[in-house]
Amino acid sequence: MPAIVVHGLIGYILYDMKGLVYGILPDLIGFGYYFLRLFMDYKFNKNDSLLKIISPNKMNTLDWNLYDISHSLILWLILMYLLKEKAIYAAIISIIMDIFLHSSNGWRGPTFLYPISNYAYDGISWNKPLGILITGVITLLIYVYRNDIIKILDDVFDSNLNNSNLNDSSINDDVDTI
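Asker: I'd like a description of the overall build of the protein, backed by residues and values.
Answerer: Each helix and strand counted, the protein has seven helices and zero strands in total. Tracing the protein from N to C terminus, the helices and strands come up as α-α-α-α-α-α-α. A buried classification covers 38% of the 178 residues belonging to the protein. Sequence separation of at least 24 residues holds for 60% of the intrachain contacts in the protein that already meet a minimum separation of 6.

Pasting the structure below:
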């Protein structure tokens with residue numbers, strides 16, 4: 001999906017190569033098996049063009065499960081907390097874009113609260129003119145306001161880590177005084 005290129009670009013703008021990798025991971029995990037299966041089918045059966053065989057109707061249960069897991073904000077927030085890696089924001093931004101830039105008329109949006117909920121927002125399709133325009137504007141704004149966005153994300157990240165560290169250090173201080 002061409003949106004993966006935009007996710008990688010935005011990740012790169014914010015967090016260089018590490019951001020690029022995290023930005024494309026939700027789609028790589030979510031569609032990797034699906035595209036591998038389609039390419040193998042295409043390799044042995046060249047009756048249809050490759051673009052013609054790529055369709056959400058060809059997604060099986062495993063494909064949708066991988067998509068739902070890889071596009072879960074809950075999963076990525078847990079990973080960010082455990083790994084303490086700021087570049088994971090690139091994956092989170094990719095998922096947030098996918099929430100609003102997918103439509104039930106094409107590729108359905110992610111169930112971004114998976115496994116708690118299977119709700120998927122019915123937004124604007126990313127491959128329609130309005131979706132392309134919105135994607136371009138978002139990418140341009142992130143490029144122009146890169147430093148401001150990084151500062152905001154860093155402040156949120158650091159304040160959450162400092163709250164965790166304060167709680168841990170206060171426990172250690174209590175132990176030291178005993």
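That shown, we press on.
Asker: Can you tell me about the side chain of T111, naming the residues and giving the values?
Answerer: Relative to the helices and strands, T111 is located in the loop between α5 (89–100) and α6 (129–144). A polar contact is formed between the side chain of T111 and the side chain of D68, at a distance of 2.9 Å. Once residues lying within four places of it in the same chain are set aside, the contact partners of T111 are D68, H71, S72, S117, N118, Y119 and A120.

Asker: Can you break down helix α4 (residues 73–83) residue by residue, with the values?
Answerer: Among all positions in α4, only L73, W76 and M80 are buried. Angularly, the buried residues of α4 cover 65 degrees about the axis, an arc narrow enough to put them on a single face. Residues of α4 that are exposed and angled more than 90 degrees away from the buried face: Y81 and L82. One or two positions beyond α4, positive phi appears at K84, with a value near 50 degrees.

Asker: Report on the pattern of salt bridges, specifying residues and quantitative values.
Answerer: In total, this model carries six salt bridges according to the counting rule given. A salt bridge links D68 to R108, with the shortest nitrogen-to-oxygen separation between them at 2.8 Å. Within this pair, whereas D68 is found in helix α3 (residues 61–70), its partner R108 is found in the loop between α5 and α6, the two being separated by 40 residues in sequence. For D68, a relative accessible area of 7% corresponds to the buried category. In this structure, the salt-bridge partner of K151 is D155, at a minimum N-O distance of 3.1 Å. Note that K151 and D155 are positioned in helix α7 (residues 146–177) at a spacing of four residues, about one turn of the helix. On the basis of relative accessibility, which here comes to 40%, the residue D155 falls in the partly exposed class. Via salt bridges that share partners, K86, D154 and D158 belong to a single interconnected network.

Asker: I'd like to hear about the nonpolar core, residue by residue, with values.
Answerer: Of all hydrophobic cores here, the largest spans 27 residues; its most connected members are I10, L14, W76, Y89, I92 and I93. Sorting the residues of this core by element identifies α1 (3–44), α4, α5 and α7 as the ones contributing at least two each. Top contributing element to this core by residue count: α5, with eight residues. In contact with I10, other than residues within four places in its own chain, are I93, M97, I138, T139 and I142. By size, the runner-up hydrophobic cluster in this structure holds nine residues, among which are F31, Y34, Y67 and W107.

Rules used in this analysis
- Residues numbered from 1 in each chain as written.
- Predicted model: local features only at pLDDT ≥ 70, side-chain atom pairs only at ≥ 80, totals over all residues.
- Heavy atoms only, no water.
- Helix = DSSP H or I, 4+ residues; strand = E, 2+ residues; numbered from the N terminus.
- Buried < 20%, exposed > 50% of the residue type's maximum accessible area, 1.4 Å probe, protein only.
- Contact = heavy atoms within 4.5 Å.
- Polar contact = N/O pair within 3.5 Å; in protein donor to acceptor, adjacent residues only side chain to side chain.
- Arc of directions from axis to C-beta.
- Salt bridge = Lys/Arg side-chain N within 4 Å of Asp/Glu carboxyl O.
- Core = buried A, V, L, I, M, F, W, Y, C linked by side-chain atoms within 4.5 Å.

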